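Structure assessment
The residues making up each chain are set out below.
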Amino acid sequence: MTDRDDAFTALSVQRAQENVDAGGKPFACLLVRDGEVVVEAANHVAQTGDPTAHAEIRAIRLAAEQGISDLAGFTAYVTAYPCPMCLGALYYAQPDRVVYAVSREEEGEHYEDGNRLMSLDTFYDEYAKPIGDRALAAEQGSAADATAPFRDWTARHAS
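Residues numbered from 1 in each chain as written. Predicted model: local features only at pLDDT ≥ 70, side-chain atom pairs only at ≥ 80, totals over all residues. Heavy atoms only, no water.

**What about the pairing of strand 3 (residues 74–80)?**
To be explicit about the condition: Classification of residues uses two cut-offs on accessible area relative to the type maximum, computed with a 1.4 Å probe and protein chains only: under 20% is buried, over 50% is exposed, and between them is partly exposed. In DSSP terms, a helix is any run of H or I states spanning at least four residues, a strand is any run of E spanning at least two, and both are numbered starting from the N terminus. We call two strands paired when DSSP finds no fewer than two bridges between them. Look down the strands so they point away from you; if going from the first strand over the helix to the second traces a clockwise path, that crossover is right-handed.
The element strand 3 is extensively covered by neighbouring structure, given that 7 of its 7 residues are classed as buried. Pairing of strand 1 (residues 28–33) with strand 3 involves 5 bridges; the strand directions are antiparallel. Paired with arginine 33 across the two strands is phenylalanine 74, which belongs to strand 3. Pairing analysis gives 5 bridges linking strand 3 to strand 4 (residues 97–102), with the strands arranged parallel. Bridge pairing links threonine 75 to arginine 97 in strand 4. Following the backbone out of strand 3, through helix 4 (residues 84–93) and into the adjacent parallel strand 4, one traces a crossover that is right-handed.

Structure representation (structure tokens):
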């Protein structure tokens, strides 16, 4: 870690606090490239009612609006270690690294963001369970030639 990392980490905490002061949840994300903040976003779940409006998701969407679809060369600075949804989004967006201010355990000492299907403590474990054992019921439906769109996409994009 560098002094620059610490400064951006502190800024993510400051932005999260500003979001709390404005009635939002305590999360923020900065996307930084070459020492400059390119995108910053705070969690807007409380403000919008959109359960996907987490800071990391919003930052990735704002980057996309600027034509940035690959975060290679970026570092994502976040207030807390990302939830599974945000972590998955970050894997798809591919920043070089993620720097977080608060661990899951530290967050859990002061904050709970669960629902009827999961808690902060159980959310990560849900993904490791077999599909049939998860809190969110899921079953495979049936459709004629269901893999056709995937085969077609691959055929159209083969190199």
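**Here we look at the layout of surface pockets**
Convention followed: For cavity detection a 1 Å grid was placed over the protein atoms alone, and a set of points counts as a cavity when a 1.4 Å probe fits there but cannot get out; an open set counts as a pocket when protein lies on both sides within 12 Å along at least five of seven lines, with lining residues being those that have an atom within 4 Å of a point. Grid points are joined across faces, edges and corners, and a volume is the space filled by probe spheres set on the points. Only Asp, Glu, Lys and Arg are considered charged, only Ala, Val, Leu, Ile, Met, Phe, Trp, Tyr, Cys and Pro nonpolar, and every remaining residue, Gly among them, polar.
Space inside the largest pocket adds up to approximately 760 Å³. Looking at the largest pocket, it is lined by 31 residues, and the ones nearest its centre are Met85, Asn115, Met118, Phe123 and Tyr127. Within the residue set of the lining of the largest pocket, elements represented by two or more residues are helix 4 and helix 6 (123–126). Ranked by the residues each element gives to the lining of the largest pocket, the list is headed by helix 6, at 3 residues. Class assignment for the residues of the lining of the largest pocket results in 19 nonpolar, 6 polar and 6 charged.

**With respect to the state of the cysteines**
Under the convention used in this document: When two cysteine sulfur atoms are found within 2.5 Å, that pair is recorded as a disulfide.
Using the criterion set out here, one finds 0 disulfides in the structure. Unpaired in terms of disulfides, cysteine 29 finds its nearest cysteine sulfur in cysteine 86, a separation of 8.2 Å. Exposure remark for cysteine 29: the relative accessible area of 1% places this residue in the buried category.

**Some details on the nonpolar core**
For the record, the criterion: Side-chain atoms within 4.5 Å link the members of a nonpolar core, which is a set of buried Ala, Val, Leu, Ile, Met, Phe, Trp, Tyr and Cys residues. Working rule for contacts: check all heavy atoms of both residues, and any pair within 4.5 Å makes them a contact.
Counting 25 residues, the largest nonpolar core has Cys29, Leu31, Ala59, Ile60, Ala63 and Leu71 as its most contacted members. Elements with a minimum of two residues in this core: strand 1, strand 2 (36–42), helix 3 (55–65), strand 3, helix 4 and helix 6. Top element by residues in this core is helix 3. It accounts for 5 residues. Beyond its immediate stretch of four places on either side in the chain, leucine 31 contacts Glu36, Val37, Val38, Val39, Ala59, Ile60, Ala63, Leu71, Phe74, Thr75 and Ala76. Phe8, Leu11, Tyr77 and Val99 belong to the second largest nonpolar core, which has 6 residues in total.

**Some words on unusual backbone geometry**
Residues other than glycine predominantly adopt negative phi, and peptide bonds predominantly adopt the trans conformation. In this structure, aspartate 34 takes a positive phi of about 55 degrees despite not being glycine. Structurally, aspartate 34 can be placed in the loop between strand 1 and strand 2. Look at aspartate 34 and you get exposed, because its relative accessible area is 71%.

**Quick notes on a negative patch on the surface**
Note the threshold: In this scheme, patches are assembled from residues that exceed 30% relative accessible area and form no salt bridge. Like charges are connected within 9 Å, while nonpolar side chains (Val, Leu, Ile, Met, Phe, Trp, Tyr) are connected within 5 Å. Here, Shrake-Rupley sampling with a 1.4 Å probe gives the accessible areas, and only protein chains in the shown set may cover a residue. Whenever Lys or Arg places a side-chain nitrogen within 4 Å of a carboxyl oxygen from Asp or Glu, that contact is recorded as a salt bridge. Counted as positive: Lys and Arg. Counted as negative: Asp and Glu, with His and the chain ends omitted from the count. To locate a charge, the coordinates of NZ of Lys, CZ of Arg, CG of Asp or CD of Glu are taken.
Negative charge collects at one region of the surface, where Glu105, Glu106, Glu109, Glu112, Asp121 and Asp125 lie side by side. For the negative patch, the element with the highest residue contribution is helix 5 (residues 104–110), accounting for 3 residues. In this structure, aspartate 125 sits in helix 6. On the accessibility criterion, aspartate 125 (45% relative accessible area) is partly exposed.

**Describing the pattern of salt bridges**
Summed over all chains, the structure comprises 7 salt bridges. The closest approach of N and O atoms between arginine 97 and aspartate 5, which form a salt bridge, is 2.5 Å. Pair noted here: arginine 97 is in strand 4 and aspartate 5 is in helix 1 (residues 3–21), with a separation of 92 residues, a long-range link. Arginine 97 sits in the partly exposed class, given a relative accessible area of 35%. Judged by relative accessible area, aspartate 5 falls into the buried class, the value being 3%. In this structure, lysine 25 and aspartate 113 form a salt bridge, with 2.8 Å as the shortest nitrogen-oxygen distance. Residue lysine 25 is located in the loop between helix 1 and strand 1, and its partner aspartate 113 is located in the loop between helix 5 and helix 6; the two are separated by 88 residues in the primary sequence. A residue is classified by how much of its surface remains accessible, and aspartate 113, at 25% relative accessible area, is partly exposed. Several salt bridges converge on common partners, so that one network encompasses Arg15, Glu18 and Glu40.

As far as function goes, none of this settles anything; it's purely spatial.
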